[in-house]
Amino acid sequence: MTSPASQKPIPQPSDLAAPYWEAARQGRLKIQRCRDCRFWVHFPDVRCPRCGSEHLAFEAVSGQGRISTFTFVHRTFVAGFEGDVPYPVAWIDLVEQPGLRVFADLADTPAETVAIGLPVEVVFSERAGWGTIPSFRPAASGVATDHSSNDEPSNDGPSKDREVPS
Ligand SMILES: [Zn+2]
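Residue numbering note: each chain is counted from 1, following its sequence as written. Owing to the predicted nature of the model, reporting of local features is limited to residues with pLDDT of at least 70; listing and counting of side-chain atom pairs is limited to 80 or more, with chain, interface and lining totals taken over all residues.

**Student:** Summarise the sheet that holds strand β5 (residues 87–94); cite the residues concerned and give the values.
**Tutor:** Consider a sheet: its strands pair through backbone hydrogen bonds, and that pairing is either parallel or antiparallel. Within the open sheet, the five strands sit side by side as β6-β5-β4-β7-β8. Their pairing is antiparallel. Only two strands of the sheet have a single partner each, and these edge strands are β6 (101–105) and β8 (131–138). The sheet shows a mean angle of 35 degrees between the axes of neighbouring strands, taken without regard to direction. We call two residues in contact whenever the C-beta atoms placed from their backbones are within 7 Å. Note on method: axes are straight lines fitted to C-alpha atoms, helices fitted across the in-contact stretch only, with angles between N-to-C directions ranging 0 to 180 degrees. Per the convention used, a helix needs a DSSP run of H or I reaching at least four residues, while a strand needs a run of E reaching at least two, with both numbered from the N terminus. In the packing of helix α1 (residues 18–25) onto the sheet, contacts are made with β7 (119–127) and β8, and the angle to β8 comes to roughly 85 degrees. If DSSP finds at least two bridges between two strands, the strands pair.

Right under this line is the structure:
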């Protein structure tokens, strides 16, 4: 007997989110960004929450960040994930901008290693019937985030400027 219920769901992107998922299908993590003030916007929006511009486009990000917060899914109601529980999911603070946060599952991450502040990097895995989708895993270097801003003038100081002021 086949078991169609064991198939994991595929993305059903809205028009706004379609470029994000299309990039993921090509193995790239792209985030919406304001063309006028260069603010990164996630989740995608029709106008920039910072300057109000409607000139938004998707640009590639490094895929590096740190776990902001996480939880473990012990009981799933989504078909296809029954065999995965318990599995971790997390909000990831991307290095590109303070407060730029994406939600994802954590792949290749043993439960005992999951921690707030853990450096992570994006990884893509195949989802049957769709293509690749993004997850995050512990960063290979373990120090991924502090040196990634190649377009910033100072790249070897402590990352105090990345702490959320509030
Ligand atoms: Zn803007």
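Having seen the structure, we can now continue with the description.
**Student:** Which residues make up the environment of D93, and what values do they have?
**Tutor:** Note on placement: D93 falls in strand β5. Distance in space between the C-alpha atoms of D93 and T69 is 9.1 Å, their sequence separation being 24 residues. Non-local contacts of D93, meaning those with residues more than four positions away in its chain, are made with G65, R66, S68, L100 and R101.

**Student:** So what's going on with the nonpolar core? Residues and values would help.
**Tutor:** The biggest cluster of nonpolar side chains holds 17 residues, and the ones touching the most others in it are I67, A90, I92, L94, A104, V120 and F136. Of all the secondary-structure elements, those providing two or more residues to this core are α1, β5, β6 and β7. A total of three residues in this core trace back to one element, the largest contributor, which is β5. By convention here, the domain bounds are inherited from an automatic or database domain assignment. Looking at which domains feed residues into this core, each of domain 1 (15–60) and domain 2 (61–145) supplies at least three. By definition, a nonpolar core groups buried Ala, Val, Leu, Ile, Met, Phe, Trp, Tyr and Cys residues that connect through C-beta atoms lying within 7 Å of each other. Buried means a residue has 20 or more other C-beta atoms within 10 Å of its own C-beta, exposed means 12 or fewer, and partly exposed covers the counts in between; C-beta atoms are placed from the backbone.

**Student:** I'd like a rundown of the pairing of strand β1 (residues 30–34), residues and numbers included.
**Tutor:** Counting buried positions along β1 gives four out of five residues, so the element sits mostly inside the fold. Relative to strand β3 (residues 56–60), β1 is paired through five bridges, and the arrangement is antiparallel. Its bridge partner being in β3, I31 is matched across the sheet by E59. With two bridges joining them, β1 and strand β2 (residues 40–41) adopt antiparallel strand pairing. If you follow Q32 over to β2, its bridge partner there is V41.

**Student:** Give a detailed account of unusual backbone geometry, specifying residues and quantitative values.
**Tutor:** Of note, the amide linkage connecting H42 to F43 takes the cis form, showing an omega dihedral of 5 degrees. Position of F43 relative to the elements: it lies in the loop between β2 and β3. Residue P86 is bonded to the preceding V85 through a cis peptide linkage, with omega at -10 degrees. With respect to the helices and strands, the residue P86 is situated in the loop between β4 (64–73) and β5. For R38, which is not a glycine, the phi torsion comes out positive at approximately 70 degrees.

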